[in-house]
Protein chains: 2
Amino acid sequence: MITKSELKKIKSLKIKKNRQLYSLFVAEGKKNIQELVNNNFKIYKIFSLAGYKMFDSILINQNLMNQLSFLKNPSDVFGVFYIPKRANIINENLTIALDNVSDPGNLGNIIRICDWFGIKSLICSINTVDCYNPKVIQSSMGSISRVNCIYCDINDFLINSKKISYGTVLDGGSSIYSSSIRKDGILIFGNESNGISKKILNKLDFKITIPKYNINNGPDSLNISSAASIVLANYFKK
Amino acid sequence: MITKSELKKIKSLKIKKNRQLYSLFVAEGKKNIQELVNNNFKIYKIFSLAGYKMFDSILINQNLMNQLSFLKNPSDVFGVFYIPKRANIINENLTIALDNVSDPGNLGNIIRICDWFGIKSLICSINTVDCYNPKVIQSSMGSISRVNCIYCDINDFLINSKKISYGTVLDGGSSIYSSSIRKDGILIFGNESNGISKKILNKLDFKITIPKYNINNGPDSLNISSAASIVLANYFKK
């Protein structure tokens, strides 16, 4: 079972400040938990309903699961894991950076896309939503276990890494289909509403854009995770 | 102002049954509302905070806006619109169909992607989440005003339309990069967890797949709206 204070502690992990205080985060569902364990994330505690035992999980009833869960439809298994120590940036062919992405569903989905394309590190600006936010964990569908999210000042990173930078913009960029992105470059995506921040925008070596097809009408922009999907699929196709 | 019974009626529009009963749906935020009006959706009522008047909106205070809103962070404007009569399918170059897509954020995002590529009609299976669900409206970012979602039995549609059908699958399909999709074809995407249903799968003329790059590891699949983004961007690139 679970004490009242333990329940309170776990429920408090919805908030970033508490996740940092305890160095813990929540992952729900068999798939998410299995992938974290497979990738050596250290278990704090796992709770499960009868019949869904995983890794010495503590058996709880549905009522308690409903109290623990951050989901509208609680899963059968609820895991609490230790936040791993800050990983180093794995030097890879192409680096991806997010400048102030704020929606947890978008960040989770972009982590999953990076994982699909084998990208091991994702640079996130300090203001980007926390990757241990329960909604990020949920929408990353286990990919958080394989993609290191590294929070830093993107401006400093650009200065220190000396990488050629490419930023996705809505207007005034070259088409992604005619742009050649260097293998050792850094590809930057901006905030959902405001795009890449002015400071970073002014520093970019190249601006690239996804051509709009419905030019007479249609939306002003694509969702940031759709944009990342299209740009990366086009890059890795080569 | 607003009567108690009116407040109750509007709040009840969170549920599909009530949206169908009253033939009304909710759209929040200036952009969503502006786009619906631009595209001739009929206004039932619009409510706004002081300083945010739009289209004869009824002035309400923040407290009432908080009560009305379906959002965690309510917007300044809250609209209620009539659900338009079922539109006819616009015969276009490529038809998109969704087989049992269940997540409202995914449907909203796919509507936005269709709009980006100028696709005017989206065929949805009967079990696909309702396009007037508030979360769909929100994530479509106004594109719901330009893309007709037509709910029907996809199996019957395939039989009647005689279109050549292409379904996206995880295994056993031809690469999207080497597949040629006919201009008058129908491209089908399946459910988030289970893919395309067996009945439809058995009827497909062609199965296509997005090649996985992280072949030794990585996620089992991409999010359905990422997949739609990649397949459509690749198709329209030609």
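None of these values were measured; they are calculated from a predicted model.

A. Representation of the overall build of chain A within the structure. Secondary structure summary: chain A contains nine helices and eleven strands in total. Its C-alpha atoms give chain A a radius of gyration of 20 Å, near enough to 18 Å, the size a compact globule of 238 residues would have. Referenced to the eigenvectors of the C-alpha coordinate spread, the extents of chain A come out at roughly 60 × 40 × 30 Å. Here the analysis covers contacts within chain A between residues at least 6 apart in sequence; of these, 74% occur between residues at least 24 apart. Of the roughly 11,200 Å² that chain A leaves accessible, carbon and sulfur atoms contribute 50%. Side chains of chain A give 31 positive and 17 negative charges; the mean places of these two sets differ by 4 Å.

B. A look at the sheet that holds strand S1 (residues 24-28) of chain B. Residues and elements named next belong to chain B. Ordered in space as S1-S4-S2-S3, the four strands form an open sheet in which the pairing is mixed. Unpaired on one side and paired on the other, S1 and strand S3 (58-59) mark the two borders of the sheet. Relative to S3, strand S2 (residues 43-48) runs parallel, the two being bridged by two bridges. Residue pairing for S3: Ser48 is matched across the bridge by Leu59. In the packing of helix H1 (residues 4-11) onto the sheet, contacts are made with S1, S2 and strand S4 (77-82), and the angle to S2 comes to roughly 105°. The sheet contacts of helix H3 (residues 30-38) involve S1, S2 and S4, and relative to S4 the element is tilted by about 30°.

C. Representation of the nonpolar core. Counting 94 residues, the largest nonpolar core has A:Leu122, A:Leu187, B:Ile96, B:Leu122 and B:Leu187 as its most contacted members. When sequence neighbours within four positions are dropped, the list of residues in contact with A:Leu122 reads A:Ile96, A:Leu98, A:Leu107, A:Ile110, A:Ile111, A:Cys114, A:Val147, A:Asn148, A:Cys149 and A:Ile150. Ranked by size, the runner-up nonpolar core spans 16 residues in total, among them A:Leu7, A:Leu49, A:Leu68 and A:Phe78.

D. How the structure looks around helix H3 (residues 30-38) of chain A. Residue and element names in this part refer to chain A. Those residues of H3 not exposed but buried are Asn32, Ile33, Glu35 and Leu36. When H3 is viewed along its axis, its buried side chains cluster within an angular range of 165° and face the same direction. On the buried face of H3, the contacting elements are strand S1 (24-28), strand S2 (43-48), strand S4 (77-82) and helix H6 (134-140). Just downstream of H3, Asn40 is the residue with a positive phi angle, here 65°.

E. Quick look at the pairing of S4(A). All names here are of chain A. Counting buried residues along S4, five of its six residues qualify, which places the element largely inside the surrounding structure. Here five bridges tie S1 to S4, and the two strands are oriented antiparallel to one another. Bridge pairing in S4 places Val26 opposite Val80. One ladder, built from five bridges, connects S2 with S4; its direction is antiparallel. In the strand pairing of S4, Ser48 is matched with Val77.

F. A look at the domain arrangement of chain A. Residue and element names in this part refer to chain A. For chain A, the assigned domains read domain 1 (4-82) and domain 2 (95-237). The distance between the C-alpha centroids of domain 1 and domain 2 comes to 30 Å. Each partner contributes to the roughly 1,200 Å² buried at the junction of domain 1 and domain 2, and carbon and sulfur atoms together form 56% of this total. Of all residues in domain 1, Arg19, Asn32 and Glu35 give up the largest surface area on contact with domain 2, accounting jointly for 36% of the area buried on that side. Our enumeration of links across domain 1 and domain 2 arrives at two salt bridges. Residues Arg19 and Asp130 are paired through a salt bridge, measuring 2.8 Å at the closest nitrogen-oxygen approach. Counting the contacts that link domain 1 with domain 2 gives seven residue pairs in polar contact (both at pLDDT 80 or more). Of all elements in the fold, only helix H2 (16-22), S1 and H3 reach the threshold of two or more residues within the side of domain 1 that touches domain 2. Of the residues in the side of domain 1 that touches domain 2, the class split is eight nonpolar, two polar and six charged.

Reading the values: the criteria
- Residues numbered from 1 in each chain as written.
- Chains lettered and ligands numbered in written order.
- Predicted model: local features only at pLDDT ≥ 70, side-chain atom pairs only at ≥ 80, totals over all residues.
- Heavy atoms only, no water.
- Helix = DSSP H or I, 4+ residues; strand = E, 2+ residues; numbered from the N terminus.
- Rg over C-alpha atoms; globule rule 2.2 N^0.38 Å.
- Contact = heavy atoms within 4.5 Å.
- Areas by Shrake-Rupley, 256 points an atom, 1.4 Å probe, with all protein chains shown as cover.
- Lys, Arg positive; Asp, Glu negative; His and termini not counted.
- Charge placed at Lys NZ, Arg CZ, Asp CG, Glu CD.
- Pairing = 2+ DSSP bridges.
- Axes fitted to C-alpha atoms, helices over the stretch in contact; angles between N-to-C directions.
- Core = buried A, V, L, I, M, F, W, Y, C linked by side-chain atoms within 4.5 Å.
- Buried < 20%, exposed > 50% of the residue type's maximum accessible area, 1.4 Å probe, protein only.
- Arc of directions from axis to C-beta.
- Domains from an automatic or database assignment.
- Buried area = accessible area lost by both parts, 1.4 Å probe.
- Salt bridge = Lys/Arg side-chain N within 4 Å of Asp/Glu carboxyl O.
- Polar contact = N/O pair within 3.5 Å; in protein donor to acceptor, adjacent residues only side chain to side chain.
- Nonpolar A, V, L, I, M, F, W, Y, C, P; charged D, E, K, R; others polar.

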